[in-house]
Amino acid sequence: MIRYLLATVTLILLSASLQAQGLVKGKVSDESGVGMPGVNIIIKGTASGTTTDSDGNYSIQVSGNQTVLVYSFIGHVTQEQTVNGRTIIDVSMPFSASELSEIIVVGYGTQKKSDVTGSIVRVTEESLKEVPVANISQALQGRAAGVEINSTSSRPGAGAQIRIRGSRSLSATNDPLIVLDGIPFNGTINDVNPSDIVSLDVLKDASATAIYGSRGSNGVILITTKRGKSGQAQLFYDGYYGVSNVIGKYDVYNGVEFDAFRNAAVAAGAAYVPTADEVANLAAGRQTDWQDELYKSGFITNHSIGTSGGTDETQFAISAGYFKQTTVLPGQAFARYSLSGVIDQKIGERIKVGLNTMNSFNINDGEGVSPMFSILTLSPLYSARNPDGTILELPALGSANPETRNPLLIYRDNTWKQQRRRLRTFNSLYSEVKLAEGFKYRINVGLDLFQDNYGQYTGSNTPFANGGTNTADVENTNSWSYTIENLLLYEKTFAEKHKLGLTGLFSVQETEDYRSGANANTLPADYTFYYNLGLGNVTSVPAGTSYYAKSGLLSYMGRANYTFSDRYLITATARADGSSRLAEGNKWFYYPALALGWIISNESFMNSQDVVSSLKLRFGTGRTSNQAVNPYASLGSLASEPYNYGNNGLYGFFVNALPNPDLRWEFTTTTNVALDFGLFQNRLTGTVELYKQNTEDILQRVSLPNTSGVASVVKNVGKTENKGFELMLNSVNVESSEAGGFNWYSDLNIFLNRNEVVELANGVTQDITNGWHVGHPIDAIFDYEKIGVWQTGETGAPAGFNTGEIKIKDQNTDNNGDGEIDGPDGIIDAKDRVILGSAQAKWSGGLTNRFTYKGFDLSVVLFWRVGGMLVSTFYQSNISNPINSLEGRRNGPKVDYWTPSNPTNAYPSPGLGQVPDFGSTLGYFDATYMKIRTISLGYNLPTSWLGKTGISKCHLYVQAQNPFKAFFSDYVKAGGLDPETSGAGGSVTEGFGPNGTNRLTVQPNTPPTKSFIVGINIKY
């Protein structure tokens, strides 16, 4: 009987247990209803779990009706579902702006976003893909507060100027340090295939960048590329193709307008006679639009294919890419071939090793040639072609410049060539050993090899030579560097409240560069290009084309992170760098940093409210520097000079730079205060930051007395200051609880930076030659102030000024040097130049909106800048830049010029010859504008449509890049094409000083384009 009862109870309990256990299946989809592979699903409170397959499907064994399943995936809102007897549970995981940056790369490690104390901003792979471009820096524009991106050219493959929280140095580089997969990278962002990038983390304040010591003062960009993951192997293909056309034409005179313009110049005293061709074309009503003749459609295309996967022990990723972009002008193109591979291998329970190789080969055609001067200045009354349709090679016969070649000759690509071929291979190897629980050793070894080959040939019968002697140039550059980093890392949580992280580093880096170049002219044939300079009658090795340098850096670094009770945070960093570039006694410098954080939202007094979801206060301060000293600069240098000795020509050598054993880095001390917040269950998250940066020991060239025999010496004597404000907001505006419902997310950033020169060499307040002025921004514009045009019958014109000429303000000046303002002196001279403004914006920002519904997604990316002044070399003029000379000799920008019957104050009378003296004043405009960078519309094909193809995801999209001209731009309203900078310096740099050739200007080079793209993303 007892046995029977025991058996009965056992069966009842077993039955109940079987009823409580069961298999739960389902599918996890994103906000568009597309299955999500790789989603982690765990049973809450345990380590048991699974992941979704390539279609988003899963199955998991549960032990009871009250079991809670937790679904998590980076970038999406974590979901929890109670089983409650269900056997099928489908889950939708909407995108989350706040959780997308959950794990942040901080340099030599990662941290949870909630534990970060430094100023770091992340741009994700999804955000970067919204702007498909050759150079990833262009996709950053307007996406990160405090990161200002300015274009340096509109040619294909052109780079960009990146400034993180402004410029600090006066003469050294202000470019940020790039760290690629943990190893400092000597290349450019252009060397990295954007399709390989998972995220960009930008370190902005000293508490975040001090770990990079003497290289961190300009900010650090950490690039993380794709790696393999355990699970089923996946194959992906991303590709797009688009057509590019000019966003608009430069506004120049047509035939009738040019004839009137030239007649006005003749009436004012110029002596220009039209050619017979011009007279005939004007009478017949014929004209040439040189822009229509030269422009053609360009294209942009990208193809990336790769595979990734692995097991718990081995993970791998391999990818290859091809990108090419042409523009509207012939001979200008950029192509990139890339190949990368990553493998991570676990050996036993304690050892892990990995290898990462990234290789790129870039070909840049026509990077430094442009026919735009001819296109914009040739008379529209010249004929472009002969009656039989062939190119009229000399359209300007009978003019003052009869040698001028037809710009259409650039289509004859066998008469000229300019090409740069750039090969880079970047490799890193690591090994990681677990020494004890939470304690590990890691070694990183990086090898970077770079080769750059440049060649240019200009034939005689081209618009670049205009019948002159043909010339050829070559320049070859080689560089290699290695990095070895030894790291000790310790992480431990004590008593569930004390979280400690320690990082120790010892590293060695060495770099070697050399360059050689030569040129030749009078080569016998065009088809040899620059491949055999020995054929030229004159071959030379110009001074400055050969170079060699070798430098090394030895570093120690320690960092401690401590968190108490998930409320109080502290990060302390110290780094020491020893450099071979500096003299004995000054080789070592030290970089401390401290950051504090208080997670207010985790305090008990915050529990009674539900508005504030997260709130963290951060404070950081520290010191970094800029490796501004060139190798061997502290040793001084010699230069050569030719001279005659009897009948022989010899070279002598002289001291051109004095040694300076006290030469050292430029140091920057930064203080940063920030507040991170999340409201309404993190539907609105953001960061507010205030910062101040003081840079001292800035390098400047100090003039020496003539009796010294040396013109100058470089010393650490200057100071600058940057301070600013940043705001970043991420909002979930509309979010559906149903899969495929309507969702709307927004990212907004607003920032401003105030830059100021604090101190110059020898206590001077102005260095006009270099364009530096104490109390003003580095990019201050110092020039005469144009207040109109002198009108007929107007009195009070200073000596030398006539009716129809530019009217310059006679500023209040101290004429006798006694320190008292004497008032206008009736003379316009150099003392009347003043600070007109600067290239520094009052504030800048960007906004991205993303919408999803069913399988559709729409994103709009725009950015803006408010205030500041731009310098347009299209409108500015002097003798060396006669596009807008108004002399009547050439065509140029169509402007509202003065005549007796049109008494305007906009532009002076043509033909007076006064413009070269004050023509720079015609090119200053308010720099405010807003641009829509991209509009993208995509559709995820339903998995039911894909059938048994093996495709887990197929996303089709169309995109418009730069579809419109800039909005709210005074420059565009005045007739300008695009207010974005497109070059450095130019032949007119009056406002920036004679040496201000590195300042960015708006130039009439390759026209900006708009592109319309069709693309596809496929995953197997």
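Residues numbered from 1 in each chain as written. Predicted model: local features only at pLDDT ≥ 70, side-chain atom pairs only at ≥ 80, totals over all residues. Heavy atoms only, no water.

Participant: Help me understand the domain arrangement of the protein chain in this model?
Facilitator: Note on interface size: it is often stated as the accessible area lost on association of the parts. As far as domains go, the protein chain holds domain 1 (19-92) and domain 2 (99-228). Look at where the C-alpha atoms of domain 1 and domain 2 centre, and you get two points 35 Å apart. (Domains from an automatic or database assignment.)

Participant: When you look at the nonpolar core in this model, what are you seeing that I'm missing?
Facilitator: For soluble globular proteins, the rule of thumb is that nonpolar side chains tend to be buried together. In terms of nonpolar packing, the biggest core is built from 47 residues, with Tyr-295 and Phe-874 touching the most fellow members. Mapped by element, the contributors of at least two residues to this core are helix H5 (255-267), helix H7 (290-294), helix H8 (372-377) and strand E41 (806-808). With near-sequence residues (within four places) excluded, Tyr-295 lies in contact with Val-246, Lys-249, Tyr-250, Val-328, Leu-329, Met-372 and Pro-1007. By size, the runner-up hydrophobic cluster in this structure holds 30 residues, among which are Ile-136, Ala-144, Leu-180 and Val-861. (Core = buried A, V, L, I, M, F, W, Y, C linked by side-chain atoms within 4.5 Å. Buried < 20%, exposed > 50% of the residue type's maximum accessible area, 1.4 Å probe, protein only. Helix = DSSP H or I, 4+ residues; strand = E, 2+ residues; numbered from the N terminus. Contact = heavy atoms within 4.5 Å.)

Participant: It is not clear to me how the pairing of strand E34 (residues 684-703) should be interpreted in this structure. Could you clarify?
Facilitator: A regular strand carries its side chains on alternate faces of the sheet. The sheet contact formed by strand E33 (residues 666-679) and E34 spans 13 bridges and is antiparallel. By the bridge assignment, Thr-669 is partnered in E34 with Asn-694. Here E33 folds back onto E34, and the loop between the two strands holds four residues, one of which, Phe-680, carries a positive phi near 55°. Across 18 bridges, E34 lies against strand E35 (residues 712-734) in antiparallel orientation. (Pairing = 2+ DSSP bridges.)

Participant: Is there a simple way to think about unusual backbone geometry in this case?
Facilitator: A negative phi angle is the norm for most residues apart from glycine, just as the trans form is the norm for most peptide bonds. You will see that Thr-522, though not glycine, has its phi angle at about 55°, which is positive. Along the polypeptide, Thr-522 turns up in the loop between strand E25 (498-521) and strand E26 (538-540). Phi is positive for Asn-762, close to 60°, though the residue is something other than glycine. In this fold, Asn-762 is placed in the loop between strand E36 (743-759) and strand E37 (766-767).

Participant: Would you mind going over the sheet that holds strand E13 (residues 177-180) with me for this structure?
Facilitator: Pairing in this open sheet of five strands is mixed, and the strands run E10-E15-E16-E13-E14 from one edge to the other. Only two strands of the sheet have a single partner each, and these edge strands are strand E10 (120-124) and strand E14 (183-185). Averaged over all pairs of adjacent strands, the angle between their axes in this sheet comes to 25°, without regard to strand direction. One ladder, built from five bridges, connects E10 with strand E15 (residues 197-203); its direction is antiparallel. The residue of E15 that forms the bridge with Arg-122 is Asp-201. (Axes fitted to C-alpha atoms, helices over the stretch in contact; angles between N-to-C directions.)

Participant: Explain the packing of aromatic side chains here, please?
Facilitator: Aromatic rings considered in pairs are described by the distance between their centres and by the relative angle of their planes. Across all of its chains, the model carries 38 aromatic pairs by this definition. Arranged with centres 4.8 Å apart and planes meeting at 20°, the rings of Tyr-253 and Phe-261 form a pair that is stacked. Neither Tyr-253 nor Phe-261 differs from the other in exposure class; each is buried. When the ring of Phe-863 is compared with that of Tyr-929, the centres are 6.1 Å apart and the planes differ by 85°; the resulting orientation is edge-to-face. Of this pair, Phe-863 sits in strand E44 (residues 856-866) while Tyr-929 sits in strand E47 (residues 929-940), placing them 66 residues apart in sequence. Exposure remark for Phe-863: the relative accessible area of 3% places this residue in the buried category. (Phe/Tyr/Trp six-rings, centres within 6.5 Å; stacked < 30°, edge-to-face > 60°.)

Participant: I tried to follow H5 on my own but got confused; where do I start?
Facilitator: The periodicity of an α-helix, 3.6 residues per turn, causes residues three or four positions apart to be oriented the same way. Compared with the 18 Å implied by 1.5 Å per residue over 13 residues, the 18 Å span of H5 between its first and last C-alpha is a close match. What H5 keeps buried is the set Gly-255, Phe-258, Asp-259, Phe-261, Arg-262, Ala-264 and Ala-265. Contact partners of the buried residues in H5: helix H6 (276-284). Where H5 starts, the residue carrying a side-chain oxygen 3.2 Å from the main-chain nitrogen of Val-256 turns out to be Asn-254. Trailing H5 by a residue or two, Gly-269 shows a phi angle of about 120°, which is positive. (Expected span 1.5 Å × (residues − 1). Polar contact = N/O pair within 3.5 Å; in protein donor to acceptor, adjacent residues only side chain to side chain.)

Participant: What should I look at first to understand the sheet that holds strand E4 (residues 57-62) in this one?
Facilitator: Pairing between sheet strands relies on hydrogen bonds along the backbone, with the strands arranged either parallel or antiparallel. Pairing is mixed across the open sheet formed by three strands, whose spatial order is E4-E1-E7. The strands lining the two open edges of the sheet, one partner per strand, are E4 and strand E7 (91-92). In the sheet, strand E1 (residues 22-29) pairs with E4 via six bridges, with the strands oriented antiparallel. Bridge pairing in E4 links Gly-26 to Tyr-58.

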